[in-house]
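Chain by chain, the residues run as shown.
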Amino acid sequence: MASLVLTVIVLPFITSAPHSSTSAEPAAAGIPRETLHASHALLAFFVLTNADLLLARHFLPPTVAGIYAAGSIVTKVAFWLPQAVVVLAFPGLTDQRRPQVMRLGAIAILAISAVLVLVCASAPHIIVAVIGGSAYTALTSDVWWFALLGSLQALAQFLLYSRLAVQDRRAVLALWTAAAILALAVSAGPHSTVVDVARSAGSVLLVLCVVGILMSRREVTPASRPSDQDSPLRGHGPGAQPDE
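Cut-offs used in this document
- Residues numbered from 1 in each chain as written.
- Predicted model: local features only at pLDDT ≥ 70, side-chain atom pairs only at ≥ 80, totals over all residues.
- Heavy atoms only, no water.
- Helix = DSSP H or I, 4+ residues; strand = E, 2+ residues; numbered from the N terminus.
- Contact = heavy atoms within 4.5 Å.
- Areas by Shrake-Rupley, 256 points an atom, 1.4 Å probe, with all protein chains shown as cover.
- Core = buried A, V, L, I, M, F, W, Y, C linked by side-chain atoms within 4.5 Å.
- Buried < 20%, exposed > 50% of the residue type's maximum accessible area, 1.4 Å probe, protein only.
- pLDDT = per-residue confidence, 0-100.
- Phe/Tyr/Trp six-rings, centres within 6.5 Å; stacked < 30°, edge-to-face > 60°.
- Lys NZ or Arg CZ within 6 Å of the ring centre and 35° of its normal.
- Patch = residues over 30% accessible without salt bridge, like charges linked within 9 Å, V, L, I, M, F, W, Y side chains within 5 Å.
- Salt bridge = Lys/Arg side-chain N within 4 Å of Asp/Glu carboxyl O.

Draft legend 1. Highlighting the overall build of the protein chain. Looking only at helices and strands, the protein chain has nine helices and zero strands in total. When its helices and strands are written in sequence order, the protein chain yields α-α-α-α-α-α-α-α-α. Taking the intrachain contacts of the protein chain between residues at least 6 apart in sequence as the baseline, contacts between residues at least 24 apart amount to 80%. Counting only carbon and sulfur atoms, one obtains 68% of the accessible surface of the protein chain, whose full area is about 13800 Å².

Draft legend 2. Representation of the nonpolar core. Counting residues in each nonpolar core, the largest one holds 59 residues, and the members touching the most others are L48, Y68, F158 and L182. Every element with two or more residues in this core is listed here: α2 (27–59), α3 (62–80), α4 (83–89), α5 (98–122), α6 (124–131), α7 (143–165), α8 (170–188) and α9 (194–217). With 13 residues, α7 is the single largest residue contributor to this core. Not counting residues within four places of it along the chain, the set of residues in contact with L182 comprises L48, A51, D52, L55, S200, A201 and V204.

Draft legend 3. Representation of the side chain of H37 in the model. Relative to the helices and strands, H37 resides in helix α2. Beyond its immediate sequence surroundings of up to four residues, H37 is in contact with L164, D168, R169 and V172.

Draft legend 4. Spatial organisation of the confidence of the model for the protein chain. Overall, the prediction assigns the protein chain a mean pLDDT of 82, with 77% of residues at 70 or greater. Taken as a whole, residues 1–24 scores under 50 in pLDDT and shows 31 contacts with residues more than four places along the chain or in a different chain. Counting interchain partners and residues more than four positions distant, the pLDDT-below-50 stretch residues 220–239 has six contacts.

Draft legend 5. Spotlight on the packing of aromatic side chains. Counted under the stated rule, the structure contains five aromatic pairs. Ring centres of F45 and F79 lie 6.0 Å apart, and the angle between their planes is 35°; this geometry places the pair in the tilted category. Residue F45 is located in helix α2, and its partner F79 is located in helix α3; the two are separated by 34 residues in the primary sequence. Residue F45 shares its accessibility class with F79, and that shared class is buried. On the basis of relative accessible area, F79 is assigned to the buried category, the value being 6%. Of the aromatic side chains, those joined through ring pairs into one cluster are F45, F79 and W80. Sitting over the ring of F79, K76 keeps its end group 5.9 Å from the ring centre.

Draft legend 6. Broad picture of a nonpolar patch on the surface. Residues L206, V210 and L214 make up a contiguous nonpolar surface patch of roughly 260 Å² in combined accessible area. Positionally, L206 belongs in helix α9. Accessibility expressed as a relative area gives 47% for L206, which makes it partly exposed.

Draft legend 7. Structural context of the pattern of salt bridges. In total, this model carries five salt bridges according to the counting rule given. For R170, the salt bridge identified is with D168, shortest N-O distance 2.9 Å. Looking at R170, the relative accessible area reads 31%, which means it is partly exposed. Three or more residues are tied together by salt bridges with common partners; here these are R163, D168 and R170.

Draft legend 8. Up close: the environment of V74. Summarising the element assignment, V74 is placed in helix α3. You can call V74 buried: its relative accessible area is 5%. Separated by 76 residues in sequence, V74 and G150 place their C-alpha atoms 7.4 Å apart. Apart from residues lying up to four places away in sequence, V74 is in contact with C120, I127, I131, V143, F146 and A147.

This is the structure in structure tokens:
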């Protein structure tokens, strides 16, 4: 329920409209504001991506919660594995290469994640033996859920950085809202098994990723060609009147 309280607290301080990079405010005044916003967004993302572990510890029996904690190792591996994509893509998310970088970055993350989920689904015994040993054999049939959860976290982080690249402050609101919904989903919904908690967390992240993709697709990109009014060929076509 702490996420609900935090959501109420931060709502008055969140701007719903994206901040334009062409703003006339001085750069020196804008840097602290954007640094604070980026730090706030990363804090919200940290809360969201770790809330499931805290909720599992609270709602699941101790033994089952321990199994979930072991599964979360796979989640973190799946989350951190594509980090190089985010680092390499970020500069291109801030300029005219943005549409292409968004597309290629998302494809790269999905490809890496698909391989990891496939490995976890096809060789779960090996994965469980590496992360926990024979004491966690109960995790064998469910380990791929944690790989999928970490993959969704990786994609969500890439989409978050894509919003930070254009100084879109709505991302913070989306993250805190997702954290609050996750807390409600786990507390009010099924929470007796590791899959119950992982499924709730994965569902929230999936919706968040869809929202992030839709926000990116709705971006208004500058025209790639000059307008008719600014074209040097204006007034020189067939039948055109010469400028006075």
